[in-house]
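Each chain is listed here by its residues.
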Amino acid sequence: MADYREAPLATRPKTLDPNEYFNISPEHRRVEQERAAIRANLKRQYQTQLNNPLRRELIEDPALTRWVYARTNPYPHFRPTFKTSLLGILFGVAPLFGLYYIFKTDRNRKEEQIKAGTLQRRFSLAT
Amino acid sequence: MRTYIQWVGQQSLVNMAGVGFRGLARALCKANGSGVRALLPGCRAASGVTKDSLPGGFPETPEERAAAAKKYNIRVEDYEPYPDKGEGYGDYPKLPDRSQHERDPWYSWDHPDLRRNWGEPIHWNFDMFIRNRVDTSPSPVSWSTMCKQLFGFVGFMLFMFYVGEKLPSYQPVAPKQYPFNDLYLENGGDPEKQPEEVKNYEI
């Protein structure tokens, strides 16, 4: 596996990362073991619930609940700063007035042309 | 996931999955508190989720950081919240922007189509990084090369079409030439009279 070359569209898998083989310090190993311990704990919890023969309900995923809650409730943590206000104006207020102005002037121009009789109705579908 | 929040009357949001009719009635009556707080539901959710396992505000002290890391099942050293710029993230962890395409397809995930294990912290933009959508895998050539090639080609074609509009070139054409003095007899000319000579050539 020393001559592994990355496939064009995939990142190098973690098990083939050279750092895993050549730069191992006890610190790095301990860190990886801690992460593996957390992962294994979660796996154990899930498998216990999954293989429980008396379980009737769906297995609730607290990480999913937290994600949904965080995504649907950003308002308590919102603070009007320069950047957030700018974004709000740019996406909320400016299109409103800008599009109104654009549509209104275009329609006015078209109305003038119709009244003057100079409007060209191209792309006619009849004959 | 459906949310059980409803607009009641004009102003107050009410949690319909909440506990007890009293909570409902209370939320209907009171709307004190300023700004957004008035719209938050006044009763608690009825599922098994407790308040301290839900995301909260930005962690200021190291104890809050440790508690948040434990809540999200991340190591304390790995836990990195989004910078506190008032953008609404709270204490949600900032995970690396890697799409699910990059995860090992041969490992036995708990949810194989999402390539995710149960309980694993979910990226803020997880619904963007699923395997049907944005792919952050390495591309064959670099981003700058791709941009240059695409916009170079499109720009060149646009430029050439513009030049073609301004400087058109056609096959040379002339009006159609007819024999017999422009078909004098066929066009109803008098047979007695002598037609004028029409010369369509030059030798």
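Predicted, not measured: the structure shown is a model, and the values here were computed from it.

Caption draft 1: A look at the overall build of chain A. Counting secondary structure elements, chain A contains four helices and zero strands. Scanning chain A from its N terminus toward the C terminus, one meets helices and strands in the order α-α-α-α. Taken over 127 residues, chain A has a buried fraction of 12%. Element-wise, carbon and sulfur atoms account for 61% of the exposed surface of chain A, whose accessible area totals about 11,000 Å².

Caption draft 2: Here's a closer look at the confidence of the model for chain B. Residue and element names in this part refer to chain B. For chain B, mean pLDDT is 81; residues scoring 70 or higher make up 77% of the total. Of all secondary-structure elements in chain B, the lowest mean pLDDT belongs to strand S2 (residues 12-15), at 46, while helix H3 (residues 143-166) reaches the highest, 96. Model confidence for the complex is summarised by a pTM of 0.69, with the ipTM given as 0.80.

Caption draft 3: Quick look at the nonpolar core. Core analysis: the largest hydrophobic core is formed by 15 residues, its most contacted members being Trp-67 of chain A together with Tyr-79 and Tyr-92 of chain B. Counting only elements with at least two residues in this core, the list comes to helix H3 (62-72) of chain A together with helix H2 (62-71) of chain B. Ranked by residues supplied to this core, first place goes to H3 of chain A with three residues. Filtering out sequence-adjacent residues up to four positions away, Tyr-92 of chain B remains in contact with Arg-66, Trp-67 and Ala-70 of chain A together with Tyr-72, Pro-81, Tyr-82, Ile-122, His-123 and Trp-124 of chain B.

Caption draft 4: Fine view of unusual backbone geometry. Backbone geometry at Phe-123 of chain A places phi at a positive 55 degrees, although glycine is not the residue there. Following the sequence through the fold, Phe-123 of chain A ends up in the segment after helix H4 (82-116). We classify Phe-123 of chain A as exposed; its relative accessible area is 79%. Although it is not a glycine, Phe-180 of chain B sits at a positive phi angle of roughly 55 degrees. Its place among the elements puts Phe-180 of chain B in helix H4 (residues 179-183).

Caption draft 5: Region of the structure containing the pattern of salt bridges. Applying the stated criterion across every chain yields a total of 17 salt bridges over all chains. Residue Arg-75 of chain B pairs with Glu-34 of chain A through a salt bridge whose shortest N-O separation is 2.5 Å. With Arg-75 of chain B in the loop between H2 and H3 and Glu-34 of chain A in helix H2 (residues 26-50), this residue pair bridges two chains. If you follow the salt bridges from partner to partner, you end up with Glu-27, Arg-30, Glu-32, Glu-34 and Arg-35 of chain A together with Arg-75, Glu-77 and Asp-78 of chain B in one network.

Caption draft 6: Examining the interface of chain A and chain B more closely. Taken together, the contact pairs 36 residues of chain A with 45 residues of chain B. In terms of surface lost to chain B, no three residues of chain A exceed Arg-66, Trp-67 and His-77 of chain A, which account for 19% of the buried area on that side. Linking chain A with chain B are seven salt bridges. Arg-116 of chain B is paired through a salt bridge with Asp-61 of chain A; the nearest N and O atoms lie 2.9 Å apart. The set of elements that each furnish at least two residues to the side of chain A that touches chain B consists of H2, H3 and H4 of chain A. Tallying contributions element by element places H3 of chain A first for the side of chain A that touches chain B, with 11 residues. In terms of residue class, the side of chain A that touches chain B is built from 18 nonpolar, nine polar and nine charged.

Reading guide: rules and limits
Residues numbered from 1 in each chain as written. Chains lettered and ligands numbered in written order. Predicted model: local features only at pLDDT ≥ 70, side-chain atom pairs only at ≥ 80, totals over all residues. Heavy atoms only, no water. Helix = DSSP H or I, 4+ residues; strand = E, 2+ residues; numbered from the N terminus. Buried < 20%, exposed > 50% of the residue type's maximum accessible area, 1.4 Å probe, protein only. Areas by Shrake-Rupley, 256 points an atom, 1.4 Å probe, with all protein chains shown as cover. pLDDT = per-residue confidence, 0-100. Core = buried A, V, L, I, M, F, W, Y, C linked by side-chain atoms within 4.5 Å. Contact = heavy atoms within 4.5 Å. Salt bridge = Lys/Arg side-chain N within 4 Å of Asp/Glu carboxyl O. Buried area = accessible area lost by both parts, 1.4 Å probe. Nonpolar A, V, L, I, M, F, W, Y, C, P; charged D, E, K, R; others polar.

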